[in-house]
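Inside the fold
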Amino acid sequence: MKKDFQREVSIHGTQELLDIRLKDPVRHAAGKLGVKEALRHSFKEMGVVRSMRALLEMNQEDGFDCPSCAWPNPENPSVIAEYCENGAKALADEATTQFIDRKFFKNYSVEELSRLSDYQLNNFGRLTEPLVLRAGKVHYEPISWEEAYELISQQLKALNAPDEAIFYTSGRSSNEAAYLYGMFARAFGTNNMPDCSNMCHESSGVALSETLGIGKGSVKLEDLYEAEIVIVAGQNPGTNHPRMLSALEKCKENGGKVISINPLEESGMVNFKNPQKIKGLLGFGEGMADLHLPVKINQDIPLVKLLLKRLAAIDAIQGDIFDHEFMNNYVEGYEELLSDLDRYDENELLDQCGVDKNKIEEAVSLLASRTKIVVCWAMGLTQHKNGVANIREYVNLLLLKGAIGKPNCGTCPVRGHSNVQGDRSVGIMHYVDQDLNQRIREHLGFEPPKEPGVDTVGAIKAMYDGKSRVFICLGGNFLMAASDTEYTAKALQRCELTVQISTKLNRSHLITGQTALILPTFGRSEKDMKNGNLRYLTMEDSMGRVRQSRGLLQPVSEAIKSEPELIAQLADTFFQGQHSVNWKAMSIDYDLIRQSIDTVIKGFENTSKRSKGIGYYLPNNARVLDFSMLPNGKARLTLNPLPEHPLKKNEFLLMTIRSHDQFNTTIYGLDDRYRGVYNERRVLFINPKDMADQGYTKLEKVDIDSCYDNTLRTARNFLIVPYNIPTGNLAAYFPETNVLVPYNHYADKSKTPISKSIRVTLRKAQ
Ligand SMILES: Nc1nc2c(c(=O)[nH]1)N[C@H]1C(S)=C(S)[C@@H](COP(=O)(O)OP(=O)(O)OC[C@H]3O[C@@H](n4cnc5c(=O)[nH]c(N)nc54)[C@H](O)[C@@H]3O)O[C@H]1N2
Ligand SMILES: Nc1nc2c(c(=O)[nH]1)N[C@H]1C(S)=C(S)[C@@H](COP(=O)(O)OP(=O)(O)OC[C@H]3O[C@@H](n4cnc5c(=O)[nH]c(N)nc54)[C@H](O)[C@@H]3O)O[C@H]1N2
Ligand SMILES: [Mo]
């Protein structure tokens, strides 16, 4: 084989435009149509019997955890169906009866498949047997599990140094799988463990660790019910965490107020029809947000500073707006914060955040008299150059109000993938934790690597530069999820071996290293039987609770394996049965994995037992007002500079967001029902005034350019959609627009790509 053999693959797939239909955006989320949509997807993919069985077991005590988002289940589920439309879609997508096998891959080369859209690729169905794409070939062919393990082991052993391998993790795996995977990477000798969190809530983890001493949120689900104010900033729960709306509804029933801070008035925040209540089915919705602040993209810091200044002014007179006693006892940096606030001019802040003055006053009066405040947020805060500072500024508000570590208040970073938080807890991280390393030495009997590894940005660069040559992925779709699609594609293509442990076909299976492997695995909903025993897994939800998840559906094929089993078998093959960790035993008995987690990972205890039923909470210092791990034993107020976006004339800030019919890079359908867009994803939301100023008309075709460090990047063929979005701001869907995000522009400290504030210009498409 010639070394420079390159497959003729298309990185983007088809970019043809479809027959778009536009309607008015829907102002309410869920309701009857949500239920209908959920069932339509389920029946089409799984058939009626399989669907009903699965839906009834999802998120129930002895059932399986919803594979969609990480929103927790109520401790006393009062409804039979604790799922939402998008959870049902995620389930239908995974438990589909459609499948592909060796015949399919004999018929279609990777070159042909790469020309299809991501939507078409996902639609082919489940992967059903291990496959290899050999160097110099364009067709995947079957390979036995043993041969696949052997191939990976040989490649790993042939590397010059362990850091030439990278182990990526997406957030849908289980604690058991992630733990084995992370320990295998360390036993092999590298901390190269990037994970999807790097592109997601890493900014939250960094900001919260610095200020509160724990990288996770502090609230429990029940805290939301009696909060006096819930702020929902930079998050679209109607689409991405629909079950959260039920919690907000409860909060409102108890007299709480909801403030939404978002450039868009997202459905669900405006109005929500709870499908699990008769009222909701009949179509009477609750107006969810009492106040909506349409902040400009990445202008949360000036907005919050303005709120703090106004509150400080009232506090200076009344003395009871901020919680001074709380601050004396638990917080440092108050004087510095107050004098820093003095430097800012209220009118300039108002102008910068773009929100109407009266609305700011309304927010101030809501906040002034209330102390039980929860702040919820997601990608709208994290994916900016100043993502960490954004979150620290909201933490300032909570600390000043004494709204941490007490009932009904605190931080609520709403996690994305259903087990992304658990993955990190059990050891998926690129940095070094000395304490963990010590426990590994002690209990697992091997020497873990001492140098930090690469995160996702570092991984792309290392592969691009030829420094890393083997790339293994536990789930996910790295090519499409990462920024700078064309650069990332080159990086992957420079690898000698890329390995994808996956449930369904995606573009990362087609744009590969010289040799590529697909290792097909179970979805959550599938029954994992071994020697007559039904095995279960554990996950951690967004609020730090560990619970069991037990599949019930017949697996799509007998030739696929569970994630923990295949990882343990790979490790066993690699070490040829000669290692201090008994991988083989753990490939069979997951209780052994959980026992190992209990001894090695702090906070886990007697997991097999305690994870039953409603499960158990991991320790959380912020929840109990213990800041002893922080430098002065106190929580920290921080000074956060204003974001700067010196835009030239004709430049816009673009945010890349999710439609209602996708889960990250998995495209379920081509509609975004709530935003009124049907049968097309290549759309660009723009303020009607900007549209007119730029001389465009509705549905006109444009190309989008971004230019960083003199490199021009272009996303082609987008249709102009006038929309209620602040002037100077644009929105379009991810992953089609990832091509515009420069891989080397990311949040300070967390290195989360700037996917929500990309500087772009538009031009008419050819
Ligand atoms: N159905 C479904 N569920 C999902 C996912 C999915 O793709 N589909 N993905 C999962 C994952 S991994 C994640 S991380 C979460 C993502 O959940 P979200 O973060 O809700 O997802 P996005 O669509 O990225 O939405 C970001 C929101 O932030 C707003 N925003 C953008 N920029 C700013 C800003 O500067 N300031 C403020 N205040 N708001 C801003 C946008 O208008 C948008 O409403 O959802 C999880 N759940
Ligand atoms: N521009 C832009 N880019 C973004 C974002 C954005 O908002 N804008 N969001 C970022 C965020 S928040 C995230 S979390 C990342 C997501 O990044 P990833 O987690 O890498 O991507 P997903 O699209 O969730 O991965 C989907 C694939 O996972 C596989 N899969 C599904 N279920 C399972 C399972 O149970 N086990 C295994 N082994 N595989 C499974 C399937 O093969 C499917 O094709 O993307 C990031 N990228
Ligand atoms: Mo995410």
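To be clear, the structure that these remarks concern was listed above.
Because the structure is predicted, anything quoted here is derived from the model rather than measured.

Close to ligand 1 lie 31 residues, the nearest being Glu266, Asn298, Asp300, Gln662 and Asn664. With respect to ligand 1, the backbone of Ile261 contributes an N or O atom lying 3.0 Å from a nitrogen atom. Separating a nitrogen atom of ligand 1 from a side-chain N or O atom of Asp300 is a distance of 2.7 Å. Taking 920 Å² as the accessible area of ligand 1 by itself, protein coverage stands at 99%. Elements that contribute at least two residues to the shell around ligand 1 include exactly α11 (237-240), α19 (379-382), β24 (652-657) and β25 (662-663). Of the residues belonging to the shell around ligand 1, the class tally is twelve nonpolar, 15 polar and four charged. Taken domain by domain, the makeup of the shell around ligand 1 includes at least three residues from each of domain 3 (202-413) and domain 4 (652-764).

Near ligand 2 you find 30 residues, and of these Tyr168, Ser170, Ala481, Glu563 and Thr665 are the closest. Within the side chain of Thr656, one N or O atom sits 3.0 Å away from a nitrogen atom of ligand 2. Arg658 is positioned with one of its side-chain polar atoms (N or O) 3.1 Å from an oxygen atom of ligand 2. In terms of residue class, the shell around ligand 2 is made up of nine nonpolar, 16 polar and five charged.

Glancing now at helix α20 (residues 387-400). Taking 1.5 Å of rise per residue, the 14 residues of α20 would be expected to cover 20 Å, and the 21 Å separating its terminal C-alpha atoms lies within 8% of that figure. Counting buried residues in α20 gives 14 out of 14 residues, a clear majority hidden from the surface. Positive phi appears at Gly402, one or two residues downstream of α20, with a value of about 65 degrees.

On the surface, Asp345, Glu346, Glu348 and Asp351 cluster together to form a negatively charged patch. Along the chain, the position of Glu346 falls in helix α17 (residues 346-353).

The next point concerns the packing of helix α22 (residues 434-444) against helix α28 (residues 590-600). Their axes nearest at 9 Å, the elements α22 and α28 cross at an angle of 130 degrees. When the axes of α22 and α28 are compared, the pair comes out oblique. Here Leu436, Arg439, Ile440, His443 and Leu444 of α22 lie close against α28, whose contacting residues are Ser596, Thr599 and Val600. Among the residues forming the contact of α22 with α28, the class breakdown is four nonpolar, three polar and one charged.

Reading guide: rules and limits
- Residues numbered from 1 in each chain as written.
- Chains lettered and ligands numbered in written order.
- Predicted model: local features only at pLDDT ≥ 70, side-chain atom pairs only at ≥ 80, totals over all residues.
- Heavy atoms only, no water.
- Near = heavy atom within 4 Å.
- Polar contact = N/O pair within 3.5 Å; in protein donor to acceptor, adjacent residues only side chain to side chain.
- Areas by Shrake-Rupley, 256 points an atom, 1.4 Å probe, with all protein chains shown as cover.
- Helix = DSSP H or I, 4+ residues; strand = E, 2+ residues; numbered from the N terminus.
- Nonpolar A, V, L, I, M, F, W, Y, C, P; charged D, E, K, R; others polar.
- Domains from an automatic or database assignment.
- Expected span 1.5 Å × (residues − 1).
- Buried < 20%, exposed > 50% of the residue type's maximum accessible area, 1.4 Å probe, protein only.
- Patch = residues over 30% accessible without salt bridge, like charges linked within 9 Å, V, L, I, M, F, W, Y side chains within 5 Å.
- Salt bridge = Lys/Arg side-chain N within 4 Å of Asp/Glu carboxyl O.
- Lys, Arg positive; Asp, Glu negative; His and termini not counted.
- Charge placed at Lys NZ, Arg CZ, Asp CG, Glu CD.
- Axes fitted to C-alpha atoms, helices over the stretch in contact; angles between N-to-C directions.
- Parallel < 35°, antiparallel > 145°, perpendicular 65-115°, else oblique.
- Contact = heavy atoms within 4.5 Å.

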